[in-house]
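# Fold and geometry: a report
As a plain string of letters, each chain reads:
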Number of protein chains: 2
Amino acid sequence: MAEANTQRRGRGGGGAARRAERTAVRIETAKYIERNIPNFEILNDEALEIIEANAETILEEVGVNFIENPGALELWRNAGADVDGERVRIPRGLARKLCATAPSQFTQHARNPEKSVVIGGRNLVLAPVYGPPFVRDVQGGRRYATMEDFNKFVKLAYMSKWLHHSGGTVCEPTDIPVNKRHLDMLMAHMTLSDKPFMGSVTDPSRAQDSVDMCGILFGKDFVQENTVMTSLININSPMTFDDVMMGALEVYAKNNQAAIISPFIVGGAMAPVSVAGTLTQVLAEVLSGIAYSQLIRPGAPVIFGAFVTSIDMNSGAPTFGTPEAAHITYGAGQLARRLGVPYRSAGSFCGSKLPDAQAAYETSNSLNMGLLAGVNFMLHACGWLEGGLVADFEKFVMDADQLGVLHGLARGVAYDENAQAMDAIREVGPGGHYLGCAHTQANFKEAFWKTELLDYKPFETWEDEGSRDTRTLAARRVEHLLANYQQPQLDPEIAAALAAYVAEKKASMPDAFM
Amino acid sequence: MAEANTQRRGRGGGGAARRAERTAVRIETAKYIERNIPNFEILNDEALEIIEANAETILEEVGVNFIENPGALELWRNAGADVDGERVRIPRGLARKLCATAPSQFTQHARNPEKSVVIGGRNLVLAPVYGPPFVRDVQGGRRYATMEDFNKFVKLAYMSKWLHHSGGTVCEPTDIPVNKRHLDMLMAHMTLSDKPFMGSVTDPSRAQDSVDMCGILFGKDFVQENTVMTSLININSPMTFDDVMMGALEVYAKNNQAAIISPFIVGGAMAPVSVAGTLTQVLAEVLSGIAYSQLIRPGAPVIFGAFVTSIDMNSGAPTFGTPEAAHITYGAGQLARRLGVPYRSAGSFCGSKLPDAQAAYETSNSLNMGLLAGVNFMLHACGWLEGGLVADFEKFVMDADQLGVLHGLARGVAYDENAQAMDAIREVGPGGHYLGCAHTQANFKEAFWKTELLDYKPFETWEDEGSRDTRTLAARRVEHLLANYQQPQLDPEIAAALAAYVAEKKASMPDAFM
């Protein structure tokens, strides 16, 4: 990376030192997870090879559709695909060959360089819930999300130690016109937080706004040479690439910004009812999507996405935390690693309407499998409720606390001399206890993961304090965090330029709510 | 196994057929889990070898205490150990050598042969919570457990599809004298259920009662040649074997009945604060405990137990579902497999006072790690609350439902022609949907795990039905199950003989409540 390109606009001189001094209340953010544990490999080589061969067969025989996108069809034709109407049939091996230029990992820069993340390898980057039109909290119940809610979530994510990423549409600010809300959302991520964030994908012009605003925040040259956004490009499963999502992908790839190429599948509806069949389709879709990104710009950073869940065959509702979802998540991770690209899956998924035990069972099942499946970028890592219809304030901080468990698990097991603790075992001996021994005193502070939420008090104390359940404790924590929020410093010139860009854009078009 | 020994008393002739006919309402019990997925191996060979070498060093240099047990000291001395007072120092390699006669797996017979379980290998047998002095439910709150509660739990376990085992002290029936309650508990397991169960360990005489009552239930010869009980022998960590538990172990081992040899460790208090140190102590304790069982009777069935959790260093309270507990559970599984004996660990562990989100997060973390750690016998698989102080009725059925997820996960991923679903992908094609396709119709019934508890209804329906949370749904399920309970058939002669044994025993001693 050229020296010039690592210098951000407005970051030189004595400003940084002064800013550091003014930021008295330190917000702690853990480094992204660097796994020191193996991945869980559920499929054997034979199964993986069959799935890979079948995916090639599907691409060759059945193909994929690129809707209302003559440019894409042209690119595919030139690359050697068989294009028939909007159907693109891809000869065996071509898609995988095109994917070879996609980087195996990449850095997504944050405006605070300490919070930049490396996506890929053995890493896991955690980002909050994405997309819900509703929010819920104990006091206000379930209601349409507003920009005020959005800002609160960005603040909570900024203050959550175990979240490395500010996410994107943490909820849909439904009080802002559809064609303008991306501007306010970007503004919130850029000014209320200093963690990395996502760009808009709802229209190519909004993706371009995202790139342009990043140009203001990071400097135009910096953006062209570095990745500063990761955006979510959903595939319309089965095997359909619509023009809006592809238009956004084209903008991001051309500008060297990262895209998650992600099938969105409820198994049995948008993919076969079997795990192996679903994995085959997922792979075919991702292969063709990533290949397309590399046709746009070879080397554009991408992520193998798999949002896959199971279905309640009685009601047709998606179900979460199920064994079949876990099978697919583990299997897709293996396929992504064999393809050599970063992997996105899992999250705080649940079908429950409330942040209750059902929500927590489902979420824990999904978070645990996400860690062990080798996920590199976990969107929806906290705050998801009701099948993704609701972003829940209490669940946001509940899940965010559990993300600390993933950090602890991923550390693996030390077995150096200190960890072996032979002197402690000798010192204490049969019938003794370890609380006071030298080894415990030297190590206890770092030995155990600490919750910032859960209750381990004696029963009597807990009862005296009002017999509070997890949701009640979480509501208090939400309140506490928001009351203590302090906005991270940002160069006032940059802030003003961003505000001017947003104001100008908003003034340039009428409001649209559809 | 000799033909004579597989015949249970009172099981011949037309009685079985008549009984089958009378049992019109069929209670479904899943077969114990036979894993078709790999185990998660967190420790590398170097770490395992270091821990194994260190455990031998501890046994040789520090040793273990056998308290008030001259018979045990004599056995150890004869086996070649260095006995000094109650301290037994075991030469390098001796304990492991003695463990070699322990079987790698064994069958625990149920009185209903269809419900017998094979403990060891790649199997996982699930049993309910064990030991809480309190119970809790929505209506009655938290209170001391009674025999009525105990009976209800046995009935619930009998009716729970995913529970393979009736357990032991599912709660302490505190309204029955301490010296007599084991008789009522055994009677409940033997008559209210037909699943396998556990024997009493609170006194050698009570272990003998357990064996004698099994003699009535199964036939004396059958019991001598087959394992019909698995019992929980806790080690008083660090490295202390008390006379009561060892007395019970001696009875069970002599009678060919299985024992879980299990350290009970809150890390940082009863073992070093580090994972590797704790694993070293766990291994040293289990090696010496299992070796002792083989000194009593070579070939006696045993299980490598590890009840290990972390600690809140502020309050001293045990904590559950933590990364450190997971590390130990994974690591101990590897040590057990290298020793070649079945492994017991994990469960529905939680510190929460209520069956809320905290309880579910903690429980799911523990259940998931238990499955992937290769646990063969999971005690406490459902119903545990508040650090094991409380057996919770709602959580019992909530957790029991989640045990279905473990069954589904353990099935692994099929990749035969039907599972590959190539015809379905071809049939549906880009933009189509799978709900009506032939492959979906042929496979959907078996494709997905089905909850019997959780809510996946549309929001409006859920709201119309009263916005019920998981605990409320669970309370309804408890009520429904108990209302539909039907006692499994038992030969009236055997039932009468058991009742007579209990009556006679009870009459032979005064009540004791301490």
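I will try to describe carefully the structure that is included in this document.

Conventions used here
- Residues numbered from 1 in each chain as written.
- Chains lettered and ligands numbered in written order.
- Predicted model: local features only at pLDDT ≥ 70, side-chain atom pairs only at ≥ 80, totals over all residues.
- Heavy atoms only, no water.
- Salt bridge = Lys/Arg side-chain N within 4 Å of Asp/Glu carboxyl O.
- Helix = DSSP H or I, 4+ residues; strand = E, 2+ residues; numbered from the N terminus.
- Buried < 20%, exposed > 50% of the residue type's maximum accessible area, 1.4 Å probe, protein only.
- Pairing = 2+ DSSP bridges.
- 1 Å grid on protein atoms, 1.4 Å probe; cavity = no way out; pocket = protein on both sides within 12 Å on 5 of 7 lines; lining within 4 Å.
- Points joined across faces, edges and corners; volume = space filled by probe spheres on them.
- Nonpolar A, V, L, I, M, F, W, Y, C, P; charged D, E, K, R; others polar.

## Considerations on the pattern of salt bridges
The final tally for this structure, using the stated rule, is 49 salt bridges over all chains. We note a salt bridge from Arg426 of chain A to Glu61 of chain B, for which the minimum N-O separation is 2.8 Å. Residue Arg426 of chain A is found in helix α16 (residues 422-428), and its partner Glu61 of chain B is found in helix α3 (residues 45-61); the two belong to separate chains. For Glu452 of chain A, the salt bridge is made with Arg477 of chain A, and the minimal N-O distance between the two is 3.8 Å. Taken together, the residues span a long stretch of sequence, with Glu452 of chain A in the loop between α17 (438-447) and α18 (459-464) and Arg477 of chain A in helix α19 (residues 470-483) at a distance of 25 residues. Judged by relative accessible area, Arg477 of chain A falls into the buried class, the value being 18%.

## Some thoughts on the sheet that holds strand β18 (residues 384-385) of chain B
Residues and elements named next belong to chain B. The 4 strands lie next to each other as β9-β8-β19-β18, forming an open sheet whose pairing is mixed. Each edge of the open sheet is held by one strand with a lone partner, namely β9 (141-144) and β18. As paired elements, strand β8 (residues 134-137) and β9 share 4 bridges and run antiparallel to each other. Along β9, the bridge assignment pairs Asp137 with Gly141.

## Things to note about unusual backbone geometry
Note: most peptide bonds trans; most residues except glycine with negative phi. Residues and elements named next belong to chain A. With omega at 5°, the peptide bond leading from Ser237 into Pro238 counts as cis. Relative to the helices and strands, Pro238 resides in the loop between β10 (230-235) and β11 (240-241). Its identity as a non-glycine residue notwithstanding, Glu68 has a phi of 45°, on the positive side. By secondary structure assignment, the location of Glu68 is in the loop between β2 (64-66) and α4 (70-79). The exposure class assigned to Glu68 is exposed, which follows from its relative accessible area of 58%.

## Considerations on empty space enclosed by the protein
Taken as a whole, this structure holds 11 cavities of 30 Å³ or more when the rule is applied. Quantified by volume, the largest cavity comes out at close to 140 Å³. Contributing to the lining of the largest cavity are 16 residues, with Tyr330, Asn365 and Met369 of chain A together with Asn368 and Leu409 of chain B lying nearest its centre. Contributions of two or more residues to the lining of the largest cavity are made by α12 (323-339) and α13 (357-372) of chain A together with α13 (357-372) and α14 (393-410) of chain B. Of the residues assigned to the lining of the largest cavity, the class counts are 11 nonpolar, 5 polar and no charged. By volume, the second largest cavity amounts to about 80 Å³. Residue lining of the second largest cavity: Met159, Ser160, Lys161, Trp162, Val397, Ala400, Asp401, Glu452, Arg477 and Leu481 of chain A, and that is the complete set. Among the elements that line the lining of the second largest cavity, the one with the most residues is helix α14 (residues 393-410) of chain A, at 3 residues.

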